[in-house]
Amino acid sequence: SQKIEQNSEALNIQEGKTATLTCNYTNYSPAYLQWYRQDPGRGPVFLLLIRENEKEKRKERLKVTFDTTLKQSLFHITASQPADSATYLCALASWRQGGKLIFGQGTELSVKP
Amino acid sequence: EPEVTQTPSHQVTQMGQEVILRCVPISNHLYFYWYRQILGQKVEFLVSFYNNEISEKSEIFDDQFSVERPDGSNFTLKIRSTKLEDSAMYFCASTITDTQYFGPGTRLTVL
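Residues numbered from 1 in each chain as written. Chains lettered and ligands numbered in written order. Predicted model: local features only at pLDDT ≥ 70, side-chain atom pairs only at ≥ 80, totals over all residues. Heavy atoms only, no water.

*Asks:* An account of the packing of aromatic side chains is requested, with residue identities and associated values reported.
*Replies:* Inspection of every chain in the model, using the stated rule, returns 17 aromatic pairs over all chains. Judged by centre distance (5.9 Å) and plane angle (65 degrees), the ring pair of Phe46 of chain A and Tyr101 of chain B falls under edge-to-face. Of the two residues, Phe46 of chain A sits in strand 5 (residues 45–51) while Tyr101 of chain B sits in strand 10 (residues 101–102), which places them in two different chains. On the accessibility criterion, Tyr101 of chain B (33% relative accessible area) is partly exposed. Here a set of aromatic residues connected by ring pairs shows up, and it is made of Tyr36, Phe46 and Phe103 of chain A together with Tyr33, Tyr35, Phe45, Tyr101 and Phe102 of chain B. (Phe/Tyr/Trp six-rings, centres within 6.5 Å; stacked < 30°, edge-to-face > 60°. Helix = DSSP H or I, 4+ residues; strand = E, 2+ residues; numbered from the N terminus. Buried < 20%, exposed > 50% of the residue type's maximum accessible area, 1.4 Å probe, protein only.)

As structure tokens, then:
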């Protein structure tokens, strides 16, 4: 069956360091992958989308990589700040247009000053 | 910046009652979705809607659930006879092609 797994443990890092979050999947061939941020009691907020034919995408302090051979995406936040503390969700879509998203369970990131 | 809105933010209901959750997707978007998140669990897909009909639904979306786009702006999720296990955050999302934008959610509590 399809499975998406993110870092199982919460991630605690010092301010200024780079946070690296992992998303692994099995039995799935996604057309694209998205990363979202979710704060407690709030809806997911879109951060980045990367397609199956792309290796890397960047936006300001964020970088995402996508390796369809390893079936893995890595999400990096450089120069992390306490305001980056949140849960980060990985979501995969199998259709190129309009398809549903399948979410991982999320990784809780805590950035200490 | 346009955003997805949802009402109410919190709905409390008795088991067996009907509830309607409302969403206003981003105006030029074409695909609409409902997801839910039970406390402490992952976000789960319920249903997608395109061109005035359901395009895909999950096993969760049984006969107790229905969706409607009654006019050009609203998108609703109806639960006909709520159960205790329907208690969750319900998120509406919309997209024009691929990036899905989520609303703030409606917290449904079934007593």
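*Asks:* An account of the nonpolar core is needed here, citing residue identities and associated values.
*Replies:* Most often, soluble globular proteins have nonpolar side chains that are buried together. Judged by nonpolar contacts, the single largest core of 23 residues is most densely connected at Trp35, Phe75, Tyr88 and Leu92 of chain A. Among the nonpolar cores identified, the runner-up in size contains 21 residues, and Leu21, Phe61, Phe65 and Tyr90 of chain B belong to it. (Core = buried A, V, L, I, M, F, W, Y, C linked by side-chain atoms within 4.5 Å.)

*Asks:* Could you give an account of the sheet that holds strand 3 (residues 19–26) of chain A, with specific residues and numbers?
*Replies:* Picture the strands of a sheet paired through backbone hydrogen bonds; they go either parallel or antiparallel. Residue and element names in this part refer to chain A. If you walk across this open sheet you meet the 5 strands as 1-3-8-7-6, and the pairing is antiparallel. Edge strands, defined here as strands with exactly one partner in the open sheet, are strand 1 (3–6) and strand 6 (56–59). Averaged over all neighbouring strand pairs, the angle between strand axes comes to 15 degrees, with direction disregarded. Looking at chain direction, strand 3 and strand 8 (residues 72–77) are connected through 6 bridges and run antiparallel. Within strand 8, the position partnered with Asn24 by the bridge is Gln72. (Pairing = 2+ DSSP bridges. Axes fitted to C-alpha atoms, helices over the stretch in contact; angles between N-to-C directions.)

*Asks:* Describe the state of the cysteines, and please don't skip the residues or the numbers.
*Replies:* Put plainly, a disulfide is one covalent bond tying together the sulfur atoms of two cysteines. Residue and element names in this part refer to chain A. For the structure shown, the criterion picks out 2 disulfides over all chains. Two residues share a disulfide in this structure: Cys23 and Cys90, whose sulfurs sit 1.9 Å from each other. Disulfide Cys23-Cys90: torsion about the S-S bond near -55 degrees, hence left-handed. Of this pair, Cys23 sits in strand 3 while Cys90 is found in strand 9 (residues 86–93), placing the two residues 67 residues apart along the sequence. On the basis of relative accessible area, Cys90 is assigned to the buried category, the value being 0%. (Disulfide = S-S within 2.5 Å.)

*Asks:* Account for the sheet that holds strand 8 (residues 75–79) of chain B, with residues named and values stated.
*Replies:* All names here are of chain B. The strand order 1-3-8-7 describes an open sheet built from 4 strands, whose pairing is antiparallel. The sheet is open, and its two edges are formed by strand 1 (5–7) and strand 7 (65–68), each paired on a single side. The sheet shows a mean angle of 20 degrees between the axes of neighbouring strands, direction not considered. Judged from the 5 bridges that link them, strand 3 (residues 19–24) and strand 8 form a sheet pairing that is antiparallel. Bridging from a neighbouring strand, Val19 pairs with Ile79 of strand 8.

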